[in-house]
Amino acid sequence: MTIGSIRAFATAFAYWCARAFQLQLFLSLVSLPILVAWGLPISCMSPLGNCLFTPFLTLFLLLASLMFFGQLLHIPYSPLAYLFNYLTRFWIGLMNYAQVQWLVGIVRLPMPLLVLIGMMPFFIITYRPTRSLRASIACFLCVLSAVYGYSSFVSTQIRITTIPCARGELTLLTTPCAAVLIDPGYLGSMVAASAWVRYTLIPTLISATGATHINHVIMLQPMGLGFEAAEQLCTFVHVDKLYIPCWTGALKRSHSFRYAQLKKSLESSATIIVRVDAMQKIIPLSDGQGITITPQAKQINAGGIAFQAQKLQVQIDNKEVTIYSAKYVIPELKKQLQEKIPTKK
């Protein structure tokens, strides 16, 4: 093999890689409006993964076809079966290596802007000054960088977002330094809690804030289905810390199993469990701001365990936010209700 042939091969390979990268950028921009509208995250490794998937799929189909005809014609195909199994195990292992940190969320954009973004790739590859290989790749990268930059700017703004859940609502607090999701206990009151988290909560979080990373998840009420929902959330979204109140007594068998599954999942995702005891706990946010969790005197009995009701307070964007455990009745509110109900003589 001469030096000229090596250079020709290197040039052809580099051109193939550039064309494949151009195609992946084109497909990413075309599919971006659909993913953003549905609240689905985008993997930054998609271009590389798609480039690797094409030769793997070709080899997979080739081996499967040869094995099929070998079985049909009664020709031994043991070496092909060995290669097929090895290729399948290698691909499954490669897919399991995927990390949640690779996912990038984009805030929901206005529909006319999404349509414009979906049409821009076709304009870039048909317009004469930008349809060359280098110019089109540069334009695709500029559009993707602009969309991601806008989403990053919006996601760091201070805001309070409420998400309807069962008979109440979850609260999402976003600051330039942290994102906090607060569950008063309504996640545990849903029968299909894990499915709701995966197909409703996570897309809503991404659409509202563009965040695929939550610093603090605070559960004010430990519940069996709430543990299952928290496991799903921490599996598909990177969570730093999960806060759960301490309790006394023994969990039911099903609740204990879900809690064990939650702890196992959190260990694999490096999420820290913080137990809220009888002492007041302050979670620092930024610029001297913090979330205060204060245990109340009243105890709540649920699922065979007893735990103290929790009161959460935080001041964000000049607004005072106060949240109680879902099963806790505020003494002042209870007194008002008793005064409104006439007593029988």
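Scroll up a little and you will see the structure.
The structure presented is a predicted model; accordingly, all values stated were derived computationally and were not measured.

**With respect to unusual backbone geometry**
For His-74, which is not glycine, the phi torsion reads 60° and is therefore positive. Examined against the element boundaries, His-74 turns out to sit in the loop between helix 2 (46-72) and helix 3 (78-96). In this model, Ala-166 sits at a positive phi of 55°, which is unusual for a non-glycine residue. A residue is classified by how much of its surface remains accessible, and Ala-166, at 52% relative accessible area, is exposed.

**Quick word on helix 2**
The first and last C-alpha atoms of helix 2 sit 38 Å apart over 27 residues, in line with the 39 Å expected at 1.5 Å per residue. The complete set of buried residues in helix 2 reads Pro-47, Phe-56, Leu-63, Met-67 and Gly-70. On its buried face, helix 2 is in contact with helix 1 (3-38), strand 1 (42-43) and helix 3. Phi turns positive, to about 60°, at His-74, one or two residues after helix 2.

**Side note on helix 3**
For helix 3, which comprises 19 residues, the first-to-last C-alpha distance of 27 Å matches the rise-based estimate of 27 Å (1.5 Å per residue) to within 8%. The set of residues buried in helix 3 consists of Ala-81, Phe-84 and Leu-87. Taken end-on, helix 3 shows its buried residues confined to a sector of 130°, consistent with a single buried face. Exposed and facing more than 90 degrees away from the buried side of helix 3 are Ser-78, Pro-79, Tyr-82, Arg-89 and Asn-96. Against helix 2 lie the buried residues of helix 3.

Conventions used here
- Residues numbered from 1 in each chain as written.
- Predicted model: local features only at pLDDT ≥ 70, side-chain atom pairs only at ≥ 80, totals over all residues.
- Heavy atoms only, no water.
- Helix = DSSP H or I, 4+ residues; strand = E, 2+ residues; numbered from the N terminus.
- Buried < 20%, exposed > 50% of the residue type's maximum accessible area, 1.4 Å probe, protein only.
- Expected span 1.5 Å × (residues − 1).
- Contact = heavy atoms within 4.5 Å.
- Arc of directions from axis to C-beta.

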